[in-house]
Amino acid sequence: MIEYIKGYLSSGTTPGEAGNMFWATVYILLVITGVSVAVLCMNWLERKILAHMQIRLGPMRVGPHGLLQPFADALKLLIKEDIIPHDADKFVFWSAPVVVTMTAFTTFLVVPFGRTHAVTDMNIGVLFMLGVSSLGVLGIIMAGWSSNSHYPLMGSLRSSAQMVSYEIAMGLAIVSAVLMTSLQTGTGTLSMIGIVESQAAQHTWFIFKFFPLGFIAFAVFAIAMVAETNRAPFDLPEAESELVAGFHTEYSGFRWSLFFLAEYSAMLAVSSIAVTLWLGGWMRPFPNWLGGTAWDMAFSFLPALTFFVLAAGCFLGTIRMPKIPQFRVQTIGLGTFAALLGFVGLVLLVPGVRVRIQDIYWFVVKVAFFMYLYIWYRGTFPRYRFDQLMKVGWKVLLPTGLGVLIATAIWGLMPQLSAAILGVLQ
Amino acid sequence: MNPVATPFFFYFLAFMAIVSAIAVITRRNPVHAALSLIVTLLSLAGFYLMLYAPFVAAVQIVLYAGGIMVLFLFVIMLVNLEQNIREYQFNKQWIVATIASLALGGLLLFVYRTGRGSFPSAFYQSYRGLEGDNTQQIGIWLYGNYMLPFEIASLLLLVAIVGAVVMAKKRI
């Protein structure tokens, strides 16, 4: 038994490939916990960042700087009354949030946080993610239809039309990245780990490959993924001013929080696809320019440094707290949080941990960048009209994606093509 | 490593597929029927996985369950169903339907009885090596040996698309 558990650690592959049930379960639990914690953080960060963009303070009351607000919200949602409308289709109404949440979490099976830090590696990784996340649309349609109410129905109709049309542009962008994986070896791959490894083998991230082709494909994907997750400025399915709350208008309490969880984990999932395909996945930045063991060593201290900076920020906040008895609990709480962050930073300095945490750190940092972009879009862009949305999807993104795909294929075959043309000429 | 395709999974998926397929034709509510059809399609995707064809399974999920069925549901929601139910039903042809399905079943049984040699019991044992590069194999066969049929199929689809556009748009 112990041998079975220990045997995996030296295998150098993912638990799925090694066929190790124990570690696969551990990884799945870790990923589910990590995603849920990330959604909690996202909840707080989104409100805080949006507030600061609009020159407000955002949540400040529950805990120091509103740090405990997401927990308070979660508790509130758990103990709220769970209402099922009288004329709703009970079974479909019940299963819609389950379908949405299950599909959102299942996609994380193939997300590679590192060479060994993924639940499994599939031969069809990207397709698997696309397929499972396209099943999430069904959950939204089920929710909208089963509520037996007008606004949810309109919301889910909009949502399904939007997702189906943007999936095509998204798929074309992905195919052009998959084409790039086949450049050196001759055979491409759809496996998430394989894609990152081929970027390592070609010494470039695919966003910089064939400049500007890689970048255009990435841009098409980056726009389509915002529409795919129903976020601002493409959040027509839940446009508050027109449709109340869209497809989940009739949901309340825990079921509603499942939709919330699914939406944010879908955002994380599509961001991880973008990171894996174009931003080099778990690889650190500047591997060519700042190469060598010395720089590797320097970069390996960054995770700990991040936590130290966060701890210093919290410590500064602790010092600046008002020195009156009413704020004593908050001051102690923030101080403890700062100490906790500092301790995590110290743990990350331990050589064994430091080496293993590297890839996860870079992957998470890149995904966090996309999460910030999502919030930024929401704070700055006005919402599109539905006909504009369809126009952007079908008349701009789809032709661009097709053009980039053809151009990538031609550029990739350039040596063979030029050789053939020269052969004809001679 | 043991094969993943244990008999349990086969019977489980077969049960799911048959029960949901029966539900498709017995449910009165068209949305329920469409949802059951999705379950059937997903169980079929499971069968493809058991046959060591992960690419086909993924395409089945992306295209059928995720794409076509979403459009089905979309149309069902847009159409006024209460009015349709009250209209004259001209699809009550169960005698013809029974004869047709019996004939099809008989044909399948006949093919299975006579062509048993084409279904070796160790079918997947010989194809297991292909699982790793299933996608690449499909690509090579589709764009190599079966280039012409593939192009003809895409031309057919193009004709269908043009037809749909012409029918939908009064003025082009």
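Here the residue numbering is sequential within each chain, running from 1 through the sequence in written order. Lettering of chains starts at A and numbering of ligands starts at 1, both following the order in which they are written. Side-chain atom pairs in this predicted model are given and counted only at pLDDT of 80 or more, local residue features only at pLDDT of at least 70, and totals for whole chains, interfaces and linings cover all residues.

A. Spotlight on the overall build of chain B. Helix and strand counts for chain B stand at eight helices and zero strands. In chain B, the succession of α and β elements from N to C terminus is α-α-α-α-α-α-α-α. Going through the 172 residues of chain B one by one, you find that 16% of them count as buried. When contacts within chain B are restricted to residue pairs at least 6 apart in sequence, long-range pairs at least 24 apart make up 57% of them. Only DSSP runs of H or I reaching four residues or more are called helices, and only runs of E reaching two or more are called strands; each is numbered from the N terminus. Field definition: a residue is buried when 20 or more other C-beta atoms are found within 10 Å of its C-beta, exposed when 12 or fewer are, and partly exposed for counts in between, with C-beta atoms placed from the backbone. Contact criterion: two residues are in contact if their C-beta atoms, reconstructed from the backbone, are within 7 Å.

B. Here's a closer look at the overall build of chain A. On a plain count of helices and strands, chain A comes out with 17 helices and zero strands. With the radius of gyration taken over C-alpha atoms, the globule rule is written as 2.2 Å times the number of residues to the power 0.38. Taken against the 2.2 N^0.38 rule, which gives 22 Å for 426 residues, the C-alpha radius of gyration of chain A at 23 Å falls within 12% of a compact globule. Expressed as lengths along the three principal axes of its C-alpha atoms, the size of chain A is roughly 90 × 55 × 50 Å. Burial statistics for chain A: of 426 residues in total, 43% are counted as buried. Restricting to contacts in chain A with at least 6 residues of sequence separation, those with at least 24 account for 77%.

C. The interface of chain A and chain B, seen in detail. Every contact between the two is made by 21 residues of chain A and, on the other side, 20 residues of chain B. Only helix H6 (125-146) and helix H7 (150-181) of chain A provide two or more residues apiece to the side of chain A that touches chain B. For the side of chain A that touches chain B, the element with the highest residue contribution is H6(A), accounting for ten residues.

D. Representation of unusual backbone geometry in the model. Residues and elements named next belong to chain A. With omega at 5°, the peptide bond leading from Phe211 into Pro212 counts as cis. Among the secondary structure elements, Pro212 is positioned in the loop between helix H8 (192-201) and helix H9 (213-228). Non-glycine residue Ile55 carries a positive phi angle of around 55°. Topologically, Ile55 is positioned in the loop between helix H3 (21-53) and helix H4 (69-79). Note on Ile55: 6 C-beta atoms within 10 Å, which makes it exposed. At Phe210, a position not held by glycine, the phi torsion is positive, near 50°. Take Phe210: it is sitting in the loop between H8 and H9.

E. Structural detail: helix H13 (residues 302-320) of chain A. All names here are of chain A. The terminal C-alpha atoms of H13 lie 27 Å apart, and with 19 residues this matches the ideal 27 Å at 1.5 Å per residue to within 8%. Every buried residue of H13 is listed here: Pro303, Ala304, Phe307, Ala311 and Cys314. Buried residues along H13 cover an arc of 90° about the axis, so they all sit on one side. Residues of H13 that are exposed and point over 90 degrees away from its buried face: Leu305, Val309, Gly313, Leu316, Ile319 and Arg320. As for H13, its buried residues are in contact with helix H14 (328-349) and helix H15 (351-380). The span expected for a helix works out to 1.5 Å for each residue beyond the first. Along the arc lie the directions from the helix axis toward the C-beta atoms.

F. Spotlight on the packing of H3(A) against helix H11 (residues 253-278) of chain A. Residue and element names in this part refer to chain A. Here an axis means a line fitted to C-alpha atoms, over the contact stretch when the element is a helix, while the angle between two N-to-C directions is reported on a 0 to 180 degree scale. Following both chains from N to C, one finds H3 and H11 inclined at 100°, their axes separated by 10 Å at the closest point. Here H11 runs roughly perpendicular to H3, going by the angle between their axes. Residues Val35, Ala38, Val39 and Met42 of H3 form the contact with H11, whose own contacting residues are Leu261, Tyr264, Ser265 and Leu268. Among the residues making up the contact of H3 with H11, the classes are represented as seven nonpolar, one polar and no charged. The labels follow the angle: roughly parallel below 35 degrees, roughly antiparallel above 145, roughly perpendicular from 65 to 115, and oblique for the rest. Three residue categories are used. Nonpolar comprises Ala, Val, Leu, Ile, Met, Phe, Trp, Tyr, Cys and Pro, charged comprises Asp, Glu, Lys and Arg, and polar comprises the others, including Gly.

G. Representation of helix H16 (residues 386-412) of chain A in the model. Residue and element names in this part refer to chain A. For H16, built from 27 residues, the straight-helix expectation of 39 Å at 1.5 Å per residue is met to within 8% by its first-to-last C-alpha distance of 37 Å. The largest bend in H16 comes to about 30°, at Leu397, with the proline Pro399 one to four residues further on. Buried within H16 are the following residues: Leu389, Gly393, Leu397, Gly401, Val404, Leu405 and Thr408. Throughout, the bend at a residue refers to the angle made by two axes, fitted to the seven residues ending there and to the seven starting there.

H. Looking closely at the confidence of the model for chain A. This prediction gives chain A a mean pLDDT of 84; 99% of its residues lie at or above 70. Confidence, expressed as mean pLDDT per element, reaches its minimum in chain A at helix H10 (residues 240-243) of chain A with 70 and its maximum at H9(A) with 89. As a per-residue measure, pLDDT tells how confident the predictor is, with possible values from 0 to 100.

I. Region of interest: the confidence of the model for chain B. Residue and element names in this part refer to chain B. On average, residues of chain B score 80 in pLDDT, and 80% of them reach the 70 mark or higher. Across chain B, helix H8 (residues 147-168) holds the top mean pLDDT of 90, while helix H6 (residues 123-127) sits lowest at 53. As scored by the predictor, the complex reaches a pTM of 0.85 and an ipTM of 0.78.

J. Spotlight on the nonpolar core. Residues and elements named next belong to chain A. Within the largest apolar cluster, 122 residues are counted, with the highest numbers of intra-cluster contacts made by Ala173, Val220, Phe221 and Ala224. The dominant element in this core, judged by the number of residues it contributes, is H11, at 15 residues. Once residues within four sequence positions are removed from consideration, Phe221 is found in contact with Met170, Ala173, Ile174 and Ala274. By our criterion, buried Ala, Val, Leu, Ile, Met, Phe, Trp, Tyr and Cys residues that link up through C-beta atoms within 7 Å make up a nonpolar core. With nine residues, the next largest nonpolar core counts Cys314, Leu334, Ala338 and Leu348 among its residues.

K. Expanded view of the packing of H3(A) against H15(A). Residues and elements named next belong to chain A. Between H3 and H15, whose axes approach to 10 Å, the crossing angle comes to 40°. On the basis of their axis angle, the class for H3 and H15 is oblique. Judged by the sense of rotation from one axis to the other, the crossing of H3 with H15 is right-handed. In contact with Met42, Leu45, Glu46, Ile49, Leu50 and Met53 of H3, H15 contributes Met371, Ile375, Arg378 and Gly379. Residues of the contact of H3 with H15, tallied by class, amount to seven nonpolar, one polar and two charged. In this scheme the handedness of a crossing depends on how the near helix is turned from the far one: anticlockwise by less than a right angle means left-handed, clockwise means right-handed.

L. Up close: the environment of A:Ala419. Residue and element names in this part refer to chain A. Position of Ala419 relative to the elements: it lies in helix H17 (residues 414-425). Judged by C-beta crowding, with 11 C-beta atoms within 10 Å, Ala419 ranks as exposed. Between the C-alpha atoms of Ala419 and Ile324, which are 95 residues apart in sequence, the distance is 80 Å.

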